[in-house]
Amino acid sequence: MDILKQYTERADEIIGERTPDEQKYDREVIRWMRKGKSVAKAIAKANEKYPTEALQVDDDNLADVQAQYEYLADHEAIKAKIDFFKKIGLES
């Protein structure tokens, strides 16, 4: 099994199934994090835009939520690079 397939399968296990609305919410959180907002502020911004998907974060779960969104942001960056390499013909 090639490394990209292994990575993709493992990432899918970690991220889990997400509805289209959850995916939009996640992208909104990541967008604000990339603008330099803390995960708590990014979630607050996403909650304003997508109130039906709103997360409630407190001190007890903030570290876990932050780790999840940092992973998602890294995963999105990796996917973009893979797509770029495929586009220019450098896929494995």
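Right, let's walk through the structure included here. (Residues numbered from 1 in each chain as written. Predicted model: local features only at pLDDT ≥ 70, side-chain atom pairs only at ≥ 80, totals over all residues. Heavy atoms only, no water.)

### Describing helix H1 (residues 3–15)
Taking 1.5 Å of rise per residue, the 13 residues of H1 would be expected to cover 18 Å, and the 18 Å separating its terminal C-alpha atoms lies within 8% of that figure. The residue sitting at the N-terminus of H1 and contributing the capping side-chain oxygen is Asp2; that oxygen lies 2.7 Å from the backbone nitrogen of Lys5. One or two positions beyond H1, positive phi appears at Gly16, with a value near 80 degrees. (Helix = DSSP H or I, 4+ residues; strand = E, 2+ residues; numbered from the N terminus. Expected span 1.5 Å × (residues − 1). Polar contact = N/O pair within 3.5 Å; in protein donor to acceptor, adjacent residues only side chain to side chain.)

### Brief notes about the layout of surface pockets
Computed from the structure, the largest pocket encloses a volume of approximately 250 Å³. As for the largest pocket, its lining consists of 13 residues, and the residues nearest its centre are Ile15, Gln23, Leu72, Glu76 and Lys79. The set of elements that each furnish at least two residues to the lining of the largest pocket consists of H1, helix H2 (20–34) and helix H4 (62–87). (1 Å grid on protein atoms, 1.4 Å probe; cavity = no way out; pocket = protein on both sides within 12 Å on 5 of 7 lines; lining within 4 Å. Points joined across faces, edges and corners; volume = space filled by probe spheres on them.)

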